[in-house]
Number of protein chains: 2
Amino acid sequence: MQSLGCEVAAINTVHFSNHTGYRQFKGTRATATEITDLYAGLCQSNLTDFDVMLSGYAPSAAAVEAVGAIGLDLQQKAKQKPGSFFWVLDPVMGDQGRLYVNDDVVPAYKQIIKHADLILPNQFEAEVLSGVKITSLATLAEAITAIHRIYSVPHVIITSVQLFKLSQSGSTPSPPENFLTVIGSTTRSNGSPRLFRIDVPALDCFFSGTGDMFAALMVARLREAVTAAGDHVRTAPSWVSPDTVPATDLPLAHATVKVLASMHRVLERTLQARNAELVASAPQNGVGSPDEQEKQEHLRRTKAGEVRLVRNAQFLRDPHVDFAVQEWSKEDLPAQLQ
Amino acid sequence: MQSLGCEVAAINTVHFSNHTGYRQFKGTRATATEITDLYAGLCQSNLTDFDVMLSGYAPSAAAVEAVGAIGLDLQQKAKQKPGSFFWVLDPVMGDQGRLYVNDDVVPAYKQIIKHADLILPNQFEAEVLSGVKITSLATLAEAITAIHRIYSVPHVIITSVQLFKLSQSGSTPSPPENFLTVIGSTTRSNGSPRLFRIDVPALDCFFSGTGDMFAALMVARLREAVTAAGDHVRTAPSWVSPDTVPATDLPLAHATVKVLASMHRVLERTLQARNAELVASAPQNGVGSPDEQEKQEHLRRTKAGEVRLVRNAQFLRDPHVDFAVQEWSKEDLPAQLQ
């Protein structure tokens, strides 16, 4: 966010020695009271004139509620000026079919999402929130439609779907196996979705923190795209474009294209650097028990795969690539949406 | 640091809603145990290959000791490769003749400074550490000499001295009233100081966080200057230049020039933006008690004076100005150093 010119104030919800991809970490989690107290500190000194709030991982249901109360209060403060406050919510709950938060975090998120302007679930989180199991393009559209409807949330992006794994229906060509698909939608005034998709080449490596990178870049790029769209969008409640704007011309679609381009460039460079580092720091075999060796090797590989963000900051500002944004063909929509 | 390309890991020693210049804040201080625990987390996952450590404000004597133990451990780990680890220590204790930490923080700092490579006291902190009251150019040189000697610390910068307030001695012309002077020194092999000074135009406004800005920029610029000086400095213990290098050609002097140039540009822009904001947000008179009005006005002025860092990041990378670095004339040194 800072590299794209945003002045940022952070409330840390955890303070860990490292990300959890290392499978071990030390540190502390913020309590709901600590979160609430920091916000009270901002309030008492008139420091709450935020344009955008990005909320991410919160370590308990009470912490989710505390974050939700902040979003709601900022919304209240801005209600005289539509479009002057926007809340991007990443409902961090789990991945790959598995929750990694307590069960009670799910209902807590379901409550606060009703107030968010844009949410960024992954495929699993979209299933949890919509109650729709995503097995095809049609069920994917159904899940997004359900999220718009149940939570009245005007913008949704499902941040990574492996379409080739879904059983195919309709006429939209499935991308090859080494592509990821990102699906987004902004509602029309009747609540129906305006769906777009962007296919991006997948890199053969797991990187930690890409969800946070996506969300942070989206904050900056969406604000930019909405400003470019003009005052009628910039001052519309929740920055929703007029119904006449097609899916592929939504500020949300334009922003997503830029975000994915930056991410692709940074991760491409990260992969090169990782591979070079793994060669340079080749492990010494035979030290410690097999378990210990496996652990050390995991630590080595995880560190080598750390996203090289700062040294590639120019690609955040100017990615120099362009992915195509596609409208969904009608045939891929469930019958009731065609 | 990030805007100059450094990959940074932070251990937060406090988590406050705002800086203390607002005269009110909420939030938490890290305990010594929390600091130590986070470092243990880094150690257990092999994440301690830092090139530089910058330590700043710590909220208690025990926290200072915990930070000191981290610096010492990193130094131990790097001792086979001189120059591969460098510790910049900002001994945050007070300003303008007043301690703003507990009394027991002072002896805690006096212990850990012995292990630091560069310290960045302000005038008051330099007096506390050296035991020398700074009232003239001669006593200023005496204080730096004492700091080099007592703590064996090879690099010192006193980050802001109002020379025109000191009683004059020697032949060095005193800068006009609206200048601040920054004094630095790197020891020679016999422990004597190599003193340089840089006069910079002062801006008529108090800004919070300039000490942290100075320290952070110094980390990046000193490493750059030492690398430019060549491998014989880069791999020397504590990056100390050969005795033949004059004060004005020290990497420390080159780095300080760049740091001060960036700061001047950023603060110049900040002052313009502050003045515009104070006009735009002119206070409504007569609301609340006189005390309440005074408090609201202080909050308004403090917020208006927040350093505009992110939007002026180009001046961190390329300040486009050059201040002159001057050697001290012999006459300004105490007799024993001439």
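Residues numbered from 1 in each chain as written. Chains lettered and ligands numbered in written order. Predicted model: local features only at pLDDT ≥ 70, side-chain atom pairs only at ≥ 80, totals over all residues. Heavy atoms only, no water.

Some words on the overall build of chain A
To keep things clear, this is the line we draw: Only DSSP runs of H or I reaching four residues or more are called helices, and only runs of E reaching two or more are called strands; each is numbered from the N terminus. Every radius of gyration here is taken over C-alpha atoms, with the globule rule written as 2.2 Å times N^0.38, N being the number of residues. Relative accessible area decides the class of each residue, using a 1.4 Å probe on protein chains only: under 20% of the type maximum gives buried, over 50% gives exposed, and in between gives partly exposed. Residue contacts are counted whenever heavy atoms from the two residues lie within 4.5 Å of one another. Throughout, the Shrake-Rupley method with a 1.4 Å probe supplies accessible areas, and for residues the shown protein chains are the sole cover considered. The charge count treats Lys and Arg as positive and Asp and Glu as negative. His and the chain ends do not count. Note that the charge is assigned to NZ on lysines, CZ on arginines, CG on aspartates and CD on glutamates.
Scanning chain A from terminus to terminus reveals 10 helices and 11 strands. Expected size for 338 residues packed as a compact globule is a radius of gyration near 20 Å; at 20 Å, chain A falls within 12% of this value. Projected onto its principal axes, the C-alpha positions of chain A cover 65 × 55 × 40 Å. Evaluated residue by residue, chain A yields a buried proportion of 49% over its 338 residues. Expressed as a percentage of contacts within chain A between residues at least 6 apart in sequence, the contacts between residues at least 24 apart total 70%. As displayed, chain A offers around 15,400 Å² of accessible surface, 51% of which is attributable to carbon and sulfur atoms. Distance between charge centres in chain A, computed from 30 positive and 35 negative side chains, equals 2 Å.

Re the packing of aromatic side chains
Under the convention used in this document: Centres within 6.5 Å make a pair out of two Phe, Tyr or Trp rings, where for Trp the six-membered ring is used; the pair is then stacked when the planes are under 30 degrees apart, edge-to-face when over 60, and tilted otherwise.
All told, the structure shown has four aromatic pairs over all chains when counted by the stated rule. Ring centres 4.3 Å apart and planes at 35 degrees place the aromatic pair Phe16 of chain A and Phe25 of chain A in the tilted group.

Quick notes on the pattern of salt bridges
Going by this rule: What makes a salt bridge here is a side-chain nitrogen of Lys or Arg within 4 Å of a carboxyl oxygen of Asp or Glu, nothing more.
The full count for this structure, using the stated rule, is 26 salt bridges over all chains. Put simply, Arg308 of chain A and Glu277 of chain A hold a salt bridge, and the shortest N to O gap is 2.7 Å. Within this pair, whereas Arg308 of chain A is found in the loop between helix 9 (290–304) and helix 10 (313–317), its partner Glu277 of chain A is found in helix 8 (residues 251–280), the two being separated by 31 residues in sequence. Residue class for Glu277 of chain A comes out partly exposed when judged on its relative accessible area of 27%. For Arg311 of chain A, the salt bridge is made with Glu7 of chain B, and the minimal N-O distance between the two is 3.3 Å.

Remarks on the pairing of strand 4 (residues 86–89) of chain B
Residue and element names in this part refer to chain B. Heads up, the condition is: When DSSP locates at least two bridges between a pair of strands, those strands are taken to pair.
Side chains Phe86 and Val88 of strand 4 all project onto a buried face; the interleaved residues Trp87 and Leu89 project onto the opposite face, where all are buried too. The sheet contact formed by strand 3 (residues 52–55) and strand 4 spans four bridges and is parallel. Within strand 4, the residue paired with Ser55 across the bridge is Leu89. Bridge count between strand 4 and strand 7 (residues 118–119): two bridges; the pairing is parallel. By the bridge assignment, Val88 is partnered in strand 7 with Leu118.

Things to note about the packing of helix 8 of chain A against helix 9 of chain A
What counts is decided by this rule: Comment: axis = line fitted to C-alpha atoms, over the contacting stretch for helices; angle = value between 0 and 180 degrees taken between N-to-C directions.
With their axes 8 Å apart at the nearest point, helix 8 of chain A and helix 9 of chain A run at an angle of 145 degrees to one another. In this structure, helix 8 of chain A uses Arg274, Glu277 and Leu278 of chain A to contact helix 9 of chain A, whose residues at the interface are Arg300, Arg301, Lys303 and Ala304 of chain A.

Topic: the environment of Met93 of chain A
You can see Met93 of chain A is positioned in the loop between strand 4 (86–89) and strand 5 (94–95). As a C-alpha pair, Met93 of chain A and Ala280 of chain A span 187 residues in sequence and 36 Å in three-dimensional space.

Section: the sheet that holds strand 3 (residues 52–55) of chain A
All names here are of chain A. Strand order in the open sheet formed by seven strands is 3-4-7-8-9-10-11, with mixed pairing between adjacent strands. For this open sheet the edge positions go to strand 3 and strand 11 (325–327), each flanked by a neighbour on one side alone. Contacts between helix 6 (residues 210–229) and the sheet are confined to strand 3, strand 4, strand 7 (118–119) and strand 8 (155–161), with strand 3 contributing the most and set at about 165 degrees to the helix. Contacts between helix 8 and the sheet are confined to strand 7, strand 8, strand 9 (179–186), strand 10 (195–201) and strand 11, with strand 10 contributing the most and set at about 10 degrees to the helix.

Observations concerning the sheet that holds strand 9 (residues 179–186) of chain B
All names here are of chain B. With mixed pairing, seven strands are arranged side by side in an open sheet as 3-4-7-8-9-10-11. Sheet topology places strand 3 and strand 11 (325–327) at the edges, where each strand pairs with a single neighbour. Across two bridges, strand 7 lies against strand 8 (residues 155–161) in parallel orientation. In the strand pairing of strand 8, Leu118 is matched with His155. Across the sheet, helix 5 (residues 137–151) touches strand 7, strand 8, strand 9 and strand 10 (195–201), and the angle it forms with strand 8 is around 145 degrees.

Overview of a negative patch on the surface
Which entries qualify depends on this criterion: Patches here: salt-bridge-free residues with over 30% relative accessible area, like charges joined within 9 Å, nonpolar side chains (Val, Leu, Ile, Met, Phe, Trp, Tyr) joined within 5 Å.
Residues Glu34 and Asp37 of chain A together with Glu34 and Asp37 of chain B make up a contiguous surface patch of negative charge. Those elements giving two or more residues to the negative patch turn out to be helix 1 (32–44) of chain A together with helix 1 (32–44) of chain B. Mapping Glu34 of chain B onto the fold places it in helix 1.

Thoughts on the interface of chain A and chain B
Much of the literature gives interface size as the accessible area that the parts lose upon coming together. Applicable threshold: Gly is put with the polar residues, along with every residue not named as nonpolar or charged; the nonpolar set is Ala, Val, Leu, Ile, Met, Phe, Trp, Tyr, Cys and Pro, and the charged set is Asp, Glu, Lys and Arg.
The interface is formed by 36 residues belonging to chain A together with 36 residues belonging to chain B. Among the salt bridges present, the one from Asp49 of chain B reaches Lys303 of chain A, with a minimum N-O distance of 3.0 Å. Mapped onto the side of chain A that touches chain B, the elements with two or more residues apiece are strand 1 (14–16), strand 2 (27–29), helix 1 and helix 9 of chain A. Looking at side-chain class alone, the side of chain A that touches chain B contains 13 nonpolar, 14 polar and nine charged residues.

A closer look at the relation of the copies chain A and chain B
Let me state the cut-off plainly: Alignment of copies: least-squares fit on C-alpha atoms of residues with pLDDT of at least 70 in both copies.
Superposing chain A onto chain B requires a rotation of 180 degrees together with a translation of 0.0 Å along the rotation axis, leaving an RMSD of 0.0 Å. A rotation of that kind, with that shift, is consistent with a two-fold axis. In terms of C-alpha distance to the rotation axis, chain A has Ser3 of chain A as its closest residue, with the C-alpha 3.8 Å off the axis. A symmetric contact is evident, with 100% of the interface residues of chain A recurring at the interface of chain B.

A look at helix 4 (residues 123–130) of chain A
One turn of an α-helix holds 3.6 residues; hence residues three or four places apart share an orientation. Residues and elements named next belong to chain A. For clarity, the cut-off: Any pair of nitrogen or oxygen atoms within 3.5 Å is treated as a polar contact; in protein, a donor-acceptor pairing is required on top of that, and neighbouring residues in sequence qualify only through side-chain atoms on both sides.
Counted residue by residue, helix 4 has seven buried out of eight residues, so it is predominantly covered. Within helix 4, the full set of buried residues consists of Gln123, Phe124, Glu125, Ala126, Glu127, Leu129 and Ser130. Among the structural elements, strand 5, strand 6 (98–99), helix 3 (105–112), strand 7, helix 5 (137–151) and strand 8 are those in contact with the buried residues of helix 4. The backbone nitrogen of Phe124 has a side-chain oxygen 3.2 Å away, supplied by the residue at the start of helix 4, namely Asn122. Just beyond helix 4, the residue with positive phi is Gly131, at close to 75 degrees.

Observations concerning the side chain of Thr187 of chain A
Within the secondary structure layout, Thr187 of chain A lies in the loop between strand 9 and strand 10. Excluding residues within four positions of it along the chain, Thr187 of chain A makes contact with His148, Val153, Pro154, Ser192, Arg194 and Val240 of chain A.

Some remarks on helix 1 of chain B
What counts, and what does not: Expected helix span is computed as 1.5 Å times (number of residues minus one).
Taking 1.5 Å per residue as the helical rise, helix 1 of chain B with its 13 residues ought to reach 18 Å, and the 18 Å between its terminal C-alpha atoms agrees with that figure. Within helix 1 of chain B, burial applies to Ala32, Ile35, Leu38, Tyr39, Gly41 and Leu42 of chain B. Where helix 1 of chain B is buried, its residues touch strand 1 and strand 2 of chain A together with helix 2 (61–77) of chain B. Phi for Asn46 of chain B, located one or two positions after helix 1 of chain B, is positive at around 60 degrees.

Here's the deal with the packing of helix 4 of chain A against helix 5 of chain A
For any two helices packed against each other, the geometry comes down to the angle between their axes and how far apart the axes lie. Residues and elements named next belong to chain A. What counts, and what does not: By the definition adopted for this analysis, an angle is roughly parallel if under 35 degrees, roughly antiparallel if over 145, roughly perpendicular if from 65 to 115, and oblique otherwise. Left-handed describes a crossing in which the near helix is turned anticlockwise from the far one by less than a right angle; the clockwise case is right-handed.
Contact geometry of helix 4 with helix 5 gives a least axis separation of 9 Å together with a crossing angle of 50 degrees. The orientation of helix 4 relative to helix 5 falls into the category oblique. Relative to helix 5, the crossing made by helix 4 is left-handed. Here Ala126, Leu129 and Ser130 of helix 4 lie close against helix 5, whose contacting residues are Ala143, Ala146, Ile147, Ile150 and Tyr151. Classifying every residue of the contact of helix 4 with helix 5 by side-chain character gives seven nonpolar, one polar and no charged.

Let's talk about unusual backbone geometry
One non-glycine residue, His320 of chain A, lies in the positive phi region at around 60 degrees. If you trace the backbone, His320 of chain A turns up in the loop between helix 10 and strand 11. You can call His320 of chain A exposed: its relative accessible area is 60%. If you check the backbone angles, Ser238 of chain B has positive phi at about 55 degrees while not being a glycine.

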